[in-house]
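The lines below spell out each chain.
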Amino acid sequence: FTAAAITGTTIDATTDFTVGGTVITDGALADGSFTFNSDLLVADTKGIVVGHTAQVAVAVGTSELQVLGTDQGESSLTLANWNATAGNMSHMNFLRGGGSSLAGSTIAPADAKLGSITWNTSDGSDYLSISAQIVAIADGTPGGNDTPGLLSFLTTASGATAATERLRIDSAGLSTFAGNVQLGGGDVDTANAYSALVIEKDDH
């Protein structure tokens, strides 16, 4: 092949070339598969898009890892684990650091948002509208081996432009409700104010 530049292990090719039987065209794998014998590292600000030619922006920003498609299979992500040990399972982990450097050990700030699962809906013009969201938040100030947390559940009302918290479960296991949250068909709170509700494990 003819290369414009070869620096260490970097090759900038001006024409197609073959690596291990795989044709690379304009910097892309033309066909077949490619096996990496070490970690695959993607540079900062660069991303991986599966199923489309560009990243899609949603309400919480433009993520650098996206799986896009036009049916359920093309747009789904599966985490699978085959193991004979009962406690061995697949995990999806969210990590929040307190500093600006990657993998830094600075303690996260008080009441820091730790991660969210967000459901966006197309409104006819873009994908920046949130329908529902679950947010994990530090419940107070984290410390050494002391990281209390809470879960906040939000939904967006018809005609509203933002999601509103409807249910919160704090680090003590107490639940607070806002709006017309129902359990078993009955209103827990209809005054649009928070009210604490403790459910004992035998009260069901």
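Refer to the structure above for everything that follows.
Okay, so let's go over this structure. Keep in mind the model is a prediction, meaning the values are calculated, not measured.

## Things to note about the overall build of the chain
Moving on, step 1. The helix and strand tally for the chain stands at zero helices and 15 strands.
Moving on, step 2. The buried share among the 204 residues of the chain stands at 11%.
Moving on, step 3. Of the contacts formed within the chain by residues at least 6 apart in sequence, a portion of 16% connects residues at least 24 apart.
Moving on, step 4. Carbon together with sulfur atoms contributes 53% to the accessible area of the chain, which is approximately 15200 Å² in total.

## Overview of unusual backbone geometry
Moving on, step 1. A positive phi angle, close to 75°, is found at threonine 45, a residue other than glycine.
Moving on, step 2. Residue position: threonine 45 is located in the loop between strand E5 (28-29) and strand E6 (48-50).
Moving on, step 3. You can call threonine 45 exposed: its relative accessible area is 58%.
Moving on, step 4. We note that asparagine 145 has phi near 55°; this positive angle belongs to a residue other than glycine.
Moving on, step 5. Along the chain, asparagine 145 falls in the loop between strand E9 (129-138) and strand E10 (149-155).

## What to know about the environment of isoleucine 107
Moving on, step 1. Looking at the secondary structure, you find isoleucine 107 in the loop between strand E7 (65-67) and strand E8 (113-121).
Moving on, step 2. C-alpha of isoleucine 107 to C-alpha of proline 142: the two residues are 35 residues apart in sequence and 6.8 Å apart in space.
Moving on, step 3. Ignoring sequence-local partners within four residues, the contact set of isoleucine 107 consists of Gly98, Pro142 and Gly143.

## Focus on the layout of surface pockets
Moving on, step 1. The volume enclosed by the largest pocket comes to roughly 1000 Å³.
Moving on, step 2. What lines the largest pocket is a set of 21 residues, among which Val58, Val60, Ser63, Leu65 and Thr118 lie closest to the centre.
Moving on, step 3. Contributions of two or more residues to the lining of the largest pocket are made by E7 and E8.
Moving on, step 4. When residues in the lining of the largest pocket are grouped by element, the largest group, five residues, is from E8.
Moving on, step 5. Class assignment of the residues belonging to the lining of the largest pocket gives a composition of eleven nonpolar, ten polar and no charged.
Moving on, step 6. Taken as a whole, the second largest pocket spans an internal volume of roughly 510 Å³.

The rules behind these values
Residues numbered from 1 in each chain as written. Predicted model: local features only at pLDDT ≥ 70, side-chain atom pairs only at ≥ 80, totals over all residues. Heavy atoms only, no water. Helix = DSSP H or I, 4+ residues; strand = E, 2+ residues; numbered from the N terminus. Buried < 20%, exposed > 50% of the residue type's maximum accessible area, 1.4 Å probe, protein only. Contact = heavy atoms within 4.5 Å. Areas by Shrake-Rupley, 256 points an atom, 1.4 Å probe, with all protein chains shown as cover. 1 Å grid on protein atoms, 1.4 Å probe; cavity = no way out; pocket = protein on both sides within 12 Å on 5 of 7 lines; lining within 4 Å. Points joined across faces, edges and corners; volume = space filled by probe spheres on them. Nonpolar A, V, L, I, M, F, W, Y, C, P; charged D, E, K, R; others polar.

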